[in-house]
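Residues per chain are reported as follows:
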Amino acid sequence: MTQASDNHEATRYLEQAIELAVRNVSDGGGPFGALVVTPDGRVHEGTNRVTRDNDPTAHAEVVAIRAAAAAGATFDLSGAVLYTSCEPCPLCLSAALWARIDRVYFAADRHGAAAAGFDDAVFYEYFNGTRPELLPVAQTAIPASDAPFDAWRRNTKRKDY
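None of these values were measured; they are calculated from a predicted model. (Residues numbered from 1 in each chain as written. Predicted model: local features only at pLDDT ≥ 70, side-chain atom pairs only at ≥ 80, totals over all residues. Heavy atoms only, no water.)

Visitor: How do you make sense of the sheet that holds strand β2 (residues 43-47) when you look at a structure like this?
Guide: Whether parallel or antiparallel, the strands of a sheet pair through hydrogen bonds between backbone atoms. In spatial order, the strands read β2-β1-β3-β4; together these 4 strands make up an open sheet with mixed pairing. Pairing within the sheet leaves two strands with one partner each, and these edge strands are β2 and β4 (103-108). Across the sheet, the axes of successive neighbouring strands diverge by a mean angle of 15°, strand direction being ignored. Sheet topology places strand β1 (residues 33-37) next to β2; 5 bridges connect them, and they run antiparallel. When the sheet's bridge partners are listed, V36 is paired in β2 with H44. Contacts from helix α3 (residues 60-72) reach β1, β2 and β3 (81-86), with the element oriented near 145° to β2. (Pairing = 2+ DSSP bridges. Helix = DSSP H or I, 4+ residues; strand = E, 2+ residues; numbered from the N terminus. Axes fitted to C-alpha atoms, helices over the stretch in contact; angles between N-to-C directions. Contact = heavy atoms within 4.5 Å.)

Now the structure itself:
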C-alpha cells in the first residue's frame, strides 16, 4: 500500500468511527466510537457503553476489540488496525497491546476530550508516578502466592499467550 492509500483508508475508517460516536451520543451513550479492522478486511465496531451497561471498562476501543476477538475466536489480533474517534486512554491502549493490535489511528486528541468533560490527565500522572495516592497498590506475598503460576506451568493443555 502506498502512503496516499494508507491515509485515504485511515481517513475513511476514522470517519466511520466518528459517525459511530455521534450516533452513540444520540442513543444516550458516550461520544466515542471505534473500529477494529482485521487482516481479512472485516470491520468490528464498538461504541462507548460505560453508562449504558454500567461497565467502566466498556470504552469504544475495548468493545471493538472484544467484538473482533469474539468474531475471530482468538485473543490474538495481530495484523489488525484500531481506528478510533478519539485518542485512546491508558485502558484502551493497554487493551490494544494485549490484543496485539498492529497500529492505532485516532481523530480527536485527549485535549479535545478533556474540553468536553472527559479528562484522563490524572491517569497519565498516575502512570508517570506523580500521583501514587490515587490508587495505592501494594504486594502482600503469602505462601500460596505462586500457586496459580505453578498450576499454569504444570498444565500441559494450556494455550500460551
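Visitor: Honestly, the pattern of salt bridges in this entry has me stumped. Any pointers?
Guide: A side chain with one charge can pair with a side chain of the opposite charge if their charged atoms come near. Tallied over the full model, the rule gives 9 salt bridges. With a closest N to O distance of 2.9 Å, D40 and R42 form a salt bridge. Judged by relative accessible area, D40 falls into the exposed class, the value being 51%. Its salt-bridge partner being E87, residue R110 comes within 2.9 Å of it at the nearest N-O pair. Residue R110 is found in helix α5 (residues 110-115), and its partner E87 is found in the loop between β3 and α4 (90-99); the two are separated by 23 residues along the sequence. Where salt bridges share partners, they join R49, R52 and D53 into one cluster. (Salt bridge = Lys/Arg side-chain N within 4 Å of Asp/Glu carboxyl O. Buried < 20%, exposed > 50% of the residue type's maximum accessible area, 1.4 Å probe, protein only.)

Visitor: For this particular structure, what's the right way to read the nonpolar core?
Guide: Side chains of a nonpolar character, in soluble globular proteins, are inclined to be buried together. Grouped together as the largest cluster of nonpolar side chains are 19 residues, with contacts concentrated most on V36, I65, L77, L82 and I101. Broken down by secondary-structure element, the contributors of at least two residues to this core are β1, α3, β3 and α4. When residues in this core are grouped by element, the largest group, 5 residues, is from α3. Filtering out sequence-adjacent residues up to four positions away, I101 remains in contact with V36, I65, L77, A80, V81, L82 and A96. Residues A10, L14, V37 and Y83 belong to the second largest nonpolar core, which totals 8 residues. (Core = buried A, V, L, I, M, F, W, Y, C linked by side-chain atoms within 4.5 Å.)

Visitor: Would you mind going over the pairing of β3 with me for this structure?
Guide: Strand residues, when the strand is regular, have side chains that alternate between the two faces of the sheet. When you tally the buried positions in β3, you get 6 out of 6 residues, the bulk of the element. Pairing geometry for β1 and β3, over 4 bridges, is antiparallel. When the bridges of β3 are listed, A34 appears paired with T84. The pairing of β3 with β4 spans 5 bridges and is parallel. Looking across to β4, one finds that Y83 is bridged to Y105.

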